[in-house]
Amino acid sequence: MDKRKALLLGSYTHPKFHPLQGIDKQVTHLLNDMFTVQCTENHKMLHESNLYPYELCIAYSDLWDERVSPRQTAGLLSYVSGGGGLLVIHNGITLANRYELAQLIGARFDGHPPMDKLYFVPAETGHDITEGVEPFVLDEEPYRFTFSPFTEKTVLLHYEYEGQQWPAAWCHTYGIGRVVFIMPGHHEPSFLQPQLRRLITQAAKWAARVPG
């Protein structure tokens, strides 16, 4: 079977907090059986004609103080609504600095308490993305979110913090495309956690509609 193509977007030269170095290696290795992963920091790849050859777009963008352009926004919206897969990991939610992409992803980042050892628990055990995923512990940033009231999402994973449960992963459809957000992924050691690796692999597979 020919491998599908995936595009991984992040920041190599001027990341504020989360460089793509190391993450690119982990994601490429993790998805190697299913995808050929192209890694780039050029957000012009979000233009519709540039996204067209890919079955999956993986966002690890570190755009805290900037927003993608209207054309890049339109390209990603068109790509996903037309059937493309979008997997947003951790800081990739900075794409939601644009309100249109906040609706596409389903939420906007709303700050976080200091990094802590967090306990993650699957919230939806009957889903393809969480199949076989066991509870796990990771040193992570406890991201908080403001959710879009217009997005119908399935919460896949919670994390526990100070006696409360908070959403840590979710998925939904957008047009005829599929979107997944996964909160853990602060730095390269996170991507070595076996349960998170399984979650990311199955999320990529689901978003890109890889059969079997």
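Description of the structure in this document.

Criteria and cut-off values
Numbers given for residues are sequential positions, taken from 1 along each chain in its written order. The predicted nature of this model means local features are confined to residues of pLDDT at least 70 and side-chain atom pairs, given and counted, to a pLDDT of 80 or more, with totals for whole chains, interfaces and linings taken over all residues. Only hydrogens and water are removed before side-chain values are computed, so all heavy atoms of the structure are retained for them. Going along the chain from the N terminus, every DSSP run of H or I of four or more residues is numbered as a helix, and every run of E of two or more is numbered as a strand. Throughout, exposure labels follow a simple rule: accessible area from a 1.4 Å probe, protein chains only, divided by the maximum for the residue type, with under 20% read as buried, over 50% as exposed, and the rest as partly exposed. We call two residues contacting when some pair of their heavy atoms lies within 4.5 Å. Definition used in this section: a nonpolar core is a set of buried Ala, Val, Leu, Ile, Met, Phe, Trp, Tyr and Cys residues joined via side-chain atoms within 4.5 Å. Between any two strands, pairing holds if DSSP finds at least two bridges.

Comments concerning the side chain of Q195
Looking at the secondary structure, you find Q195 in helix α5 (residues 194–207). We classify Q195 as buried; its relative accessible area is 18%. With residues near it in sequence (within four places) discarded, Q195 still touches G132, V133, E134, P135 and F136.

Here we look at the nonpolar core
Membership of the largest hydrophobic core comes to 71 residues, with the highest contact counts inside it found for F35, L76, L87, I93 and V180. Looking at this core element by element, the count peaks at seven residues for α5. With near-sequence residues (within four places) excluded, I93 lies in contact with V88, I105, A107, R108, F109, Y143, F145, W170 and F181.

Things to note about the pairing of strand β11 (residues 177–182)
With six of six residues buried, β11 lies mostly within the body of the structure. Of the two faces of β11, the one lined by G177, V179 and F181 and the one lined by R178, V180 and I182 are each fully buried. Bridge analysis of strand β4 (residues 85–89) against β11 gives five bridges, and the strand direction is parallel. Bridge pairing in β11 links L87 to V180. The antiparallel hairpin formed by strand β10 (residues 164–174) and β11 contains two residues in its connecting segment, where G175 sits at a positive phi of about 60 degrees.

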